[in-house]
Amino acid sequence: ALWSKTLQSDNWSRRCLEKMSFDPQTVTYSDELESSSQTRSAAAGGAVLPPRQEMLFPMCVTNEASNVFHTLHGGMLMALVSITTSLHVTQQFEAEPMIDRSSVSVSTQFLKAAPCGTLMTAFTRIDKMDKSMVFSSVRFCHRDDSSIVFATGTHVEAVKRKVDF
């Protein structure tokens, strides 16, 4: 997948995810999906429908990613909001790799401390997409009980086509 190749070239994101014991081979997708071909056609200027699919990023809170209280560091969590949602957007535009993006807004809501050793899953989703903007969100939940939510976040990205000169 294109997002997996992106991780190979993006050292900062890869190092952050490595600190969370993240393995790219473990990423899965939810079943509740309609075909993403409708969303991908939007990149070509068609009508935009938000995809229903979530990407699931399993990870573990390690000592390297924790603060002095031995819980997931807030800065790491904020970075994970940006990284996981960006990887989902990259996957969405895999059919059209000429898309250029930049973050407009990233926000995080801290709901519950995630102690060291906690197995968690980031559930990312693209909420809305049009020709120039992508709105995505993420929930960080306990891996065994998704009703335990550690944090949520949103990420807005501006999207434009690269122009060949």
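It should be emphasised that the depicted structure is a prediction, and the values quoted were computed from it without experimental measurement.

Draft legend 1. Molecular detail of the environment of C16. Mapped onto the elements of the fold, C16 is located in helix α2 (residues 11–18). As a C-alpha pair, C16 and I83 span 67 residues in sequence and 8.8 Å in three-dimensional space. Residue contacts for C16: discarding those within four places in its chain leaves M76, A79 and I83.

Draft legend 2. Representation of the packing of aromatic side chains in the model. As enumerated under the stated definition, the model contains zero aromatic pairs in all. Here the basic side chain of R139 rests over the ring of F123, its NZ or CZ set 4.6 Å away from the ring centre.

Draft legend 3. Representation of the pattern of salt bridges within the structure. Counted under the stated rule, the structure contains three salt bridges. Its salt-bridge partner being R125, residue E54 comes within 3.6 Å of it at the nearest N-O pair. With E54 in strand β2 (residues 54–60) and R125 in strand β4 (residues 119–129), this residue pair connects regions lying 71 residues apart in the sequence. With respect to class, E54 is no different from R125; both count as buried. Among the salt bridges present, the one from E54 reaches R139, with a minimum N-O distance of 2.9 Å. In this pair, E54 sits in strand β2 while R139 sits in strand β5 (residues 133–142), placing the two residues 85 residues apart along the sequence. Among the charged side chains, a salt-bridge network with shared partners connects E54, R125 and R139.

Draft legend 4. Unusual backbone geometry, seen in detail. A positive phi angle, near 60°, is found at H70, a position not held by glycine. Relative to the assigned elements, H70 resides in the loop between β2 and α4 (74–92).

Draft legend 5. Structural view of the environment of Q91. Topologically, Q91 is positioned in helix α4. Residue classification places Q91 among the buried residues on the basis of a relative accessible area of 8%. As a C-alpha pair, Q91 and M55 span 36 residues in sequence and 9.5 Å in three-dimensional space.

Draft legend 6. Summary view of the pairing of β4. The buried fraction of β4 amounts to eight of the 11 residues, a majority that puts the element mostly inside the structure. Direction of pairing for β2 relative to β4: antiparallel, over a ladder of seven bridges. Across the sheet, the residue bridging to E54 is R125, located in β4. Inspection of the sheet shows β4 paired to β5 by nine bridges, in the antiparallel sense. Within β5, the position partnered with I126 by the bridge is S136. Two successive antiparallel strands, β4 and β5, enclose a turn made up of three residues.

Draft legend 7. Highlighting α4. The end-to-end C-alpha separation of α4 is 27 Å, in line with the 27 Å expected for 19 residues at 1.5 Å each. Taken across its 19 residues, α4 has 15 buried, putting it largely inside the fold.

Rules of the game
- Counting restarts for each chain: residues are numbered from 1 in the order of the written sequence.
- Given that the model is predicted, a residue must reach a pLDDT of at least 70 before its local features are reported, and side-chain atom pairs must reach 80 or more before they are shown or counted; all residues, however, enter totals for whole chains, interfaces and linings.
- Water and hydrogen atoms were dropped before computing side-chain values, which therefore reflect all heavy atoms in the structure.
- Helix numbers and strand numbers start at the N terminus; a helix is a DSSP run of H or I with at least 4 residues, a strand a run of E with at least 2.
- A contact between two residues is defined here by any heavy atoms of the two lying within 4.5 Å.
- When two rings of Phe, Tyr or Trp (its six-membered ring) have centres within 6.5 Å they constitute a pair, described as stacked for plane angles under 30 degrees, edge-to-face for angles over 60, and tilted for the intermediate range.
- In our convention, an over-ring charge means Lys NZ or Arg CZ found within 6 Å of a ring centre and within 35 degrees of that ring's normal.
- Think of a salt bridge as a Lys or Arg side-chain nitrogen and an Asp or Glu carboxyl oxygen that are within 4 Å of each other.
- Exposed residues in this analysis have more than 50% of their type's maximum accessible area, buried residues have under 20%, and partly exposed residues fall in between, with area computed by a 1.4 Å probe over protein chains only.
- We call two strands paired when DSSP finds no fewer than two bridges between them.
- Helix span, as expected, comes to 1.5 Å for every residue beyond the first.

These values are about where atoms sit, not about what they do.
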